[in-house]
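An overview of the molecular structure
So the chains spell out like this:
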Amino acid sequence: MKSSVVADLGVARAPFLAQASTALGRLRRPAAGQHGSENARLSRPSGVDALTALGLVLVAVYVVRAPGHWGGPRVDAFFAKWLYDAAAAIGAVLCGWRAFRVREDRATWSLIAVAFVFEVAGNSVYAVRYGGSGGPVLSVADGFWIAFYLPMAAALVLRIRAAASVAGAVVFDILIAIGALGSVSAAFVLQAIVAGHGGSVAEFVTTLSYPVGDLVLAALVLQLAAAGAWRLGRATALMAGCFLVWGVTDSVYALQMINATYVPGGVLDLGWVITFVLFGVAAWTPPDARIILRQAPGLGSLGVPVSFAVLALAILIYAGVGEVNLVAVGLSAGALVCMIARFVITFRSHLMALASTRLVLETAYDPFMSFEASGVITDWNAAAQASFGWSREDVVGRNVVETFLPDVRREAYAQLIGRFLDTREEDVMRKRIERTVVHRDGHEMPIELTISPVETEYGHAFHVFMRDITQRRAVERAKDEFVAIVSHELRTPLTSIRGSLGLLAGGVLSASPAKADRMLKIALENTDRLVRMVSDILNLERIESGTVDLTYRPCDAGQLVRAAAETMRPAAMLAGVALDVADHGAMLDADPDQILQTLTNLLSNAIKFSPEGSTVWVGCELLEDTIVFQVLDEGRGIPSDQLDRVFERFAQVDSSDARDKGGTGLGLAICRSIVEQHGGRIWVESGDAEGCRFQFTLPVVCTDRPATSAHIGALAPDLDPVSFGRT
Amino acid sequence: MASRPDRARRILVVDDDASIREVTRMTLEMVGGHEVSTAGCGRDALAQAVRERPDAILLDVMMPGLDGPATFERLQADPSTADIPVILLTAKLQATDQARFVALGVRAVLSKPFDPMKLPGEVAGLLGWREATDGG
């Protein structure tokens, strides 16, 4: 069939290809630079311009010579044949040019160009051998014409792949479309071909190939539309339109040929005209800006319902015809089977995806929820329950605003969502932001969250990943307070240094040497104090940050106590304070240097706050698996409400005393850090005017391990394990 | 040398740090020519203010027990000391703190460390003593 009509068809097509490739193509050519570098490559290529001009000439000639289009006689076959071939060649060159010059979609345009070449080759062979008409049913030209469908189908498959991942569902969608469209085709075309077949098998297969090819192309176009061709940009959308018009025109043409009603140069030719026009426009259209990768079409994809509608139409047509068409029934049954299979695999994949997603969400460390544009919560994971107190059962279905947001935030939230839905402005979407929400028990809590708007088959929704930052905020506050305190504490001795040196430098004390000496002494004392403070700050920071590696070694607690007492003996003598050592000795695993520092800090503290003539005791004893160190003094004690504070940084019961005695306010904080790093505990007992009892414990790990003499000797070479007398 | 007032003013310096007390005292006496008394805590400052009726009080902010702002509020609450101008001396850097102190009603907030050669002039200027100075 096709072989006998293609020559006529070609005559009809020829001028419109040129028209499509030139006039409309020129009109649609984008301005240079409008779409980036790729578009610049599309602007005014001279060779293409020449071809376009030639195409216009061909169109003009054909229109002048073909009044048949307007009701007059047809253009003569010989002349129309060459015009057709020339126009088809121009189309092939334009598509090839597009493929050559533009990187994007190169394979697609190459395939279309190849298809056009096949079309031209078939027409040329047929024209050369048979003079444009009157050839046999089966000829060499049919090979080219049938080959035309292969690159065209491949081009469509490429576009479908760009629009949607090729999954089983897509393949089944195509099969359903083929079955549905095929059942319609069978009712009107295929059955007629089968009934009218009187030649060889080769002729029958050849004749059948054309409507089947059109059927496949139409099914692919249907799937491309269902997969969202319009999302890929103008070029793909136009391409899909080209194929659609092509398929419809060919189908109607086939019907007309069967019914012997086709008139070359008639109204039907407008279908091909539109097809070529659209291809020309598509070839001139800038490449698609971006490819939107979608998930495999879901149950809501257009493919299935459209195919189903076509199938239903086919069934209605059968009913109207009233004859049993086995081919149509077979295709319909196949389509139905494919449709069921498609639903099954899609449903299964959805279930698997859902199960996987739920598993990921339920095991996520961060709270997650999703809610619809209306604010109704639709999902809620275990971490969210742990953070906000609401169980999934309690919270799903509630309104996110009423459930989580403080009153003052509700209006702002409504505006935010409304603005997004109205304008798609993503000012706070897909960004890490911080907000305050309300826990189920009513307390407000700061969270960090990311809102991701998503478009579902049921409308807009929002996925929200959250993180409770209450602790982080507390740490930040503590850090800020610490920086402020450190700043204050550092500036205090600096004030004395700056002031005293400033007075000396200003010369106001030149006549008062005693006052000048006093100012120098103040500057010196505060310089030393500043050095100690910086050293203590750095030391504390190193211990607390873990950058100080504790060197655990077996050591004798009694030796450490005596070493500390020996170290502090000069200070005690200076203060007129007696030092009594009472140790029972016990082995422990610890960093002896750090424990020695702890003991000397406590002793220094005790001596500083002890009145002259009083006694400070230091000792240790083993209680089961714990060694308890003690430092007692007869000072004025610590008020009970201050006992917990004294181990904090810069905490002072009476800062004037501490400063007067050269303290930095960090000594006890360092003691606590060291003891806690060793897994021990430190505390103080005191009553007003009753002295202080500082104690700390360390776990005994190896009570049966003897201390090495070398180690102890290095620690305290000249210990005198007796009480140190008051000076 | 900074400007000197034509007559000595009596200034009460309140600071829990003995070194700062001493340096500030020396500064105001030797550079400013003022008569200076000192207190080491807010409670002592309240008593001395009532007893000595100073022309101005330089008050440290961070002190144990009664801190600077609390001491100032008590001074304001006592009719016998309410009219004594108070300047806060602070080592805190935060601008928000300084704004809060000014909002309490103190005359000014000065930062530590200070330049001893300029401090008396600044105090005089803030308290309106400038017209009484000889510019020397």
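Just above sits the structure.
This text gives an overview of the structure that appears in the document. The shown structure was predicted, so the numbers you read here are calculated from the model rather than taken from an experiment. (Residues numbered from 1 in each chain as written. Chains lettered and ligands numbered in written order. Predicted model: local features only at pLDDT ≥ 70, side-chain atom pairs only at ≥ 80, totals over all residues.)

**Comments concerning the overall build of chain B**
Formally: Think of it this way: any DSSP run of H or I at least four residues long counts as a helix, any run of E at least two long counts as a strand, and we number them from the N terminus. Between the buried cut of 20 or more and the exposed cut of 12 or fewer other C-beta atoms within 10 Å of a residue's own C-beta lies the partly exposed class, and all C-beta atoms are placed from the backbone. With C-beta atoms placed from the backbone, a contact is any residue pair whose C-beta atoms sit within 7 Å.
Check the secondary structure of chain B and you find 5 helices and 5 strands. The secondary structure elements of chain B, listed N-terminal to C-terminal, are β-α-β-α-β-α-β-α-β-α. For chain B, the proportion of its 136 residues judged to be buried stands at 46%. Long-range contacts, defined here as pairs at least 24 residues apart, represent 63% of the contacts in chain B between residues at least 6 apart.

**Re the packing of helix 17 (residues 470–506) of chain A against helix 1 (residues 18–31) of chain B**
Helices that pack against each other are described as a pair by the angle of their axes relative to one another and the distance between those axes. We count it as follows: Axes, fitted as lines to C-alpha atoms, cover a helix only where it is in contact. Angles between the N-to-C directions of the axes lie from 0 to 180 degrees. Orientation categories follow fixed angle ranges, with anything under 35 degrees roughly parallel, anything over 145 roughly antiparallel, 65 to 115 roughly perpendicular, and all other angles oblique. Should the near helix be turned counterclockwise from the far one by less than a right angle, the crossing is left-handed, whereas a clockwise turn marks it as right-handed. In this classification, the charged set is Asp, Glu, Lys and Arg, the nonpolar set is Ala, Val, Leu, Ile, Met, Phe, Trp, Tyr, Cys and Pro, and all remaining amino acids, among them Gly, are polar.
Relative to each other, helix 17 of chain A and helix 1 of chain B sit at 30°, their axes nearing to 9 Å. With respect to each other, helix 17 of chain A and helix 1 of chain B are oriented roughly parallel. As for the relative orientation of helix 17 of chain A and helix 1 of chain B, their crossing is left-handed in sense. Together, A:Thr492, A:Thr495, A:Ser496, A:Gly499, A:Ser500 and A:Leu503 of helix 17 of chain A and B:Ser19, B:Ile20, B:Val23, B:Thr24, B:Met26, B:Thr27 and B:Met30 of helix 1 of chain B make up the contact between the two elements. Class assignment for the residues of the contact of helix 17 of chain A with helix 1 of chain B results in 5 nonpolar, 8 polar and no charged.

**With respect to the interface of chain B and chain A**
Taken together, the 27 residues of chain B in the interface contact 27 residues of chain A. The residue makeup of the side of chain B that touches chain A, split by class, is 16 nonpolar, 5 polar and 6 charged.

**Observations concerning the sheet that holds strand 1 (residues 368–372) of chain A**
All names here are of chain A. Keep this limit in mind: Only strands joined by at least two bridges in the DSSP assignment are considered to pair.
Here 5 strands make up an open sheet; going across it, the order is 2-1-5-4-3 and the pairing antiparallel. Each edge of the open sheet carries a strand with a single partner, namely strand 2 (377–380) and strand 3 (432–438). With direction set aside, neighbouring strand axes in the sheet form an average angle of 35°. Examined bridge by bridge, strand 1 and strand 5 (residues 459–468) share 5 bridges and lie antiparallel to one another. The residue bridging Ser370 from the neighbouring strand is His463, located in strand 5.

**So, the pairing of strand 1 (residues 10–14) of chain B**
Residue and element names in this part refer to chain B. Heads up, the condition is: Orient the strands so they point away from the viewer, and a crossover whose first-strand-to-second-strand path over the helix runs clockwise is right-handed.
The buried fraction of strand 1 amounts to 4 of the 5 residues, a majority that puts the element mostly inside the structure. Relative to strand 2 (residues 35–39), strand 1 runs parallel, the two sharing 5 bridges. Residue Ile11 lies in a different strand from strand 2, and its bridge partner there is Val36. Between strand 1 and its parallel partner strand 2, the chain crosses via helix 1, and the hand of that crossover is right-handed. Alignment of strand 1 against strand 3 (residues 56–60), held across 4 bridges, turns out to be parallel. Its bridge partner being in strand 3, Ile11 is matched across the sheet by Ala56.

**A look at the environment of A:Trp683**
Residues and elements named next belong to chain A. Locating Trp683 in the fold gives a position in strand 11 (residues 681–686). For Trp683, a count of 15 C-beta atoms within 10 Å translates into the label partly exposed. Spatially, the C-alpha atom of Trp683 lies 8.4 Å from that of Arg693, the residues being 10 residues apart in sequence.

**Things to note about the sheet that holds strand 7 (residues 578–583) of chain A**
Residues and elements named next belong to chain A. Here 5 strands make up an open sheet; going across it, the order is 7-9-10-12-11 and the pairing mixed. At either end of the open sheet lies a strand with only one pairing partner, and these are strand 7 and strand 11. Averaged over all adjacent pairs, the angle separating strand axes in this sheet is 15°, with direction ignored.

**Examining the nonpolar core**
Residue and element names in this part refer to chain A. To keep it simple, the criterion reads: We define a nonpolar core as a collection of buried residues of the types Ala, Val, Leu, Ile, Met, Phe, Trp, Tyr and Cys that are connected via C-beta atoms lying within 7 Å of each other.
If you look at the biggest cluster of nonpolar residues, it comprises 75 residues, and the most contacted ones within it are Ala219 and Val221. Counting residues per element, the ones that place at least two in this core are helix 4 (77–101), helix 5 (106–130), helix 6 (140–163), helix 7 (168–196), helix 8 (201–226), helix 9 (234–258), helix 10 (269–284) and helix 12 (326–363). Looking at this core, the element that brings in the most residues is helix 7, giving 15 residues. In contact with Val221, other than residues within four places in its own chain, are Leu156, Ala240, Phe243, Leu244 and Gly247.

**Details of unusual backbone geometry**
In this structure, the amide linkage connecting B:Lys112 to the following residue, B:Pro113, adopts the cis form with an omega of -5°. Assignment of secondary structure puts B:Pro113 in the loop between strand 5 (108–111) and helix 5 (119–126). In the Ramachandran plot, A:Glu624 falls in the positive-phi region, its phi being about 55° despite a non-glycine side chain. Here A:Glu624 shows up in the loop between strand 9 (615–623) and strand 10 (626–632). A count of 7 C-beta atoms within 10 Å places A:Glu624 in the exposed class. A positive phi is found at B:Arg53, a non-glycine position, where the angle reads about 50°.

**Notes on helix 1 of chain B**
Formally: Helix span, expected: 1.5 Å multiplied by one less than the number of residues in the helix.
For helix 1 of chain B, spanning 14 residues, the distance from its first C-alpha to its last is 19 Å, which sits close to the expected 20 Å at 1.5 Å a residue. In terms of burial, helix 1 of chain B is a largely internal element, 11 of the 14 residues being buried. Inspection of helix 1 of chain B places B:Ser19, B:Ile20, B:Arg21, B:Glu22, B:Val23, B:Thr24, B:Met26, B:Thr27, B:Leu28, B:Met30 and B:Val31 among the buried residues, and these make up the whole buried set. Check the buried side of helix 1 of chain B and you find it contacts helix 17 and helix 18 (513–545) of chain A together with strand 1, strand 2, strand 3 and helix 5 of chain B. Looking one or two residues beyond helix 1 of chain B, the residue adopting positive phi is B:Gly33, at roughly 75°.

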